[in-house]
Amino acid sequence: MRAVVFDAFGHRPEVRNVQDPTPSRRGAVIRVEATGLCRSDWHGWMGHDTDIRLPHVPGHELAGVVEEVGPEVLNWRPGQRVTVPFVCACGRCGACADGAQQVCERQTQPGFTHWGSFAEYVPIENADVNLVGIRGELAFTTAAGLGCRFATAFRAVVAQGRVAPGEWVAVHGCGGVGLSAVMIASAAGARVVAVDISPRALALARRFGAEVCVDAASTLGSVADAVADATGGGAHVSLDALGSPRTCAASVNSLRRHGRHVQVGLLPPAAGSPMLPMDRVIALELRLLGSHGMAAHAYGPMMEMVEAGTLRPDLLVTDTIGLDEVPEALMAMGAAAGAGVTVIEPRRPATAARR
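Residues numbered from 1 in each chain as written. Predicted model: local features only at pLDDT ≥ 70, side-chain atom pairs only at ≥ 80, totals over all residues. Heavy atoms only, no water.

(A) Quick peek at the side chain of Glu120. You can see Glu120 is positioned in the loop between α2 (94-97) and β6 (121-124). Of the side chains with opposite charge, Arg347 comes closest to the buried, unpaired Glu120, at an N-O distance of 4.2 Å. Glu120 has contacts with Met1, Arg2, Ile30, Arg31, Val32, Pro346 and Arg347, leaving out every residue within four places of it along the chain. (Helix = DSSP H or I, 4+ residues; strand = E, 2+ residues; numbered from the N terminus. Buried < 20%, exposed > 50% of the residue type's maximum accessible area, 1.4 Å probe, protein only. Lys, Arg positive; Asp, Glu negative; His and termini not counted. Salt bridge = Lys/Arg side-chain N within 4 Å of Asp/Glu carboxyl O. Contact = heavy atoms within 4.5 Å.)

So, in C-alpha cells, the structure goes:
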C-alpha cells in the first residue's frame, strides 16, 4: 500500500510503498477513505510523543470500510462503513469495565502506538470495542472528524464541561477542535466567545455560532479581560482547544466564580508547563478538567445530532488533499495553525484538483 512515512523526527516525510497490514485475532483492517490532518499528528512527527517508534506512519482520525477482520471479531464484517475513536480501548481493564474506554489502561492509538491512517489501509485493535458504524449518506470526509476532533469536542463540551443553555462558553483556539466546540456549544444553547489570532478562524467561528470573537493578537489588555468584558464577569465554561501554556492560563483566567476549565489541547513538555493561577482557582472555587476523546459506546447522542442536521461537521472541512500533498501540509502546521479542517483522501489521484 501507499503510505506517508517518516524515518526521523522533524525530518521530511515521504510517500512510499509499504507492506499491507493484517488484522490481529480481535482486530480489523480498515480501508481508509478519509483521514484528518490534525495538530496531534504534527506533535508526533516532531517527536513530542514518546510512544512512537521509527520508521512511522502518522494519522489517527479516520473513516473507511472494513477490509478484513480477525477470527475472534463477532460484530463486524468486510464492507461495513466505520469510524474509530482515536483512543482504541482493550475492553478488559478496570477503566473499560467502568465504561471509561477513553482512558483505557492498555489503549492503542493509530498513528502513535502503531502505524496510522495516512495510508491506504490501517489496522485497528479490538474491533468489537472500538469500531463505530456510519450511515451511507454520511460522507467519509465528514465522518473522519468524528474519530477525533469532533468527538473530542463533543465530550469536552457536553460531558466534561456540562454546558447548559444560556451559559457563556469561551473557546481558546479555533482550529478543528475549537471550531467543533463552538458549533457544539452553540447547538447546546450556550453563548460562545471565540478566541484566536487568525481573522479567518474567527470568521469561521462566527459562522458556526460564536456571539463574540476576540482577536488575541490585537486585543488591548489581556484575553481574560476581553472575555470578562464580553460575558459580564467571565465564562461559565472555558476550553483550551489549542494546547499551549499561554492559552491554558488564559482559559483559567477567563472564568467567573464556580467556572469550569476543560483542557482539550495537548500540552507537550517541549512547550513548557503552564503557570496556572491556583490562587484564583481556590478563591473562585474553579474546576479544572481534562478531556481525552470519547469512547465508542458513547457516540450515539452525537451521531443522532449529526444525522438530524443539528450538528454540521461537514461545514468544518475547508480543504481536501491526497497523500502526495501530506508531507508539505504536515510540516507547515508548525508555522501557523490553519483555519478549519484539512482531510486527506488516500486514494485520491495526485492530479485531482484541491477543494
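(B) Up close: the nonpolar core. Phe150, Val169, Val182, Leu239, Tyr299 and Met302 are the most contacted members of the largest nonpolar core, which totals 53 residues. At seven residues, helix α6 (residues 176-187) tops the list of elements feeding residues into this core. With residues near it in sequence (within four places) discarded, Leu239 still touches Ala156, Val157, Val169, Ala170, Val171, His172, Ala181, Ser251, Val262 and Val264. Core analysis: the second largest hydrophobic core is formed by 20 residues, Met1, Val5, Phe6 and Tyr121 among them. (Core = buried A, V, L, I, M, F, W, Y, C linked by side-chain atoms within 4.5 Å.)

(C) Representation of the pairing of strand β10 (residues 212-215) in the model. Sheet topology places strand β9 (residues 191-196) next to β10; four bridges connect them, and they run parallel. Bridge pairing links Val195 to Val214 in β10. Read from β9 through helix α7 (residues 199-207) to β10, the crossover connection turns out right-handed. (Pairing = 2+ DSSP bridges. Right-handed = clockwise from strand over helix to strand, strands pointing away.)

Taken by themselves, the reported measurements are silent on function.
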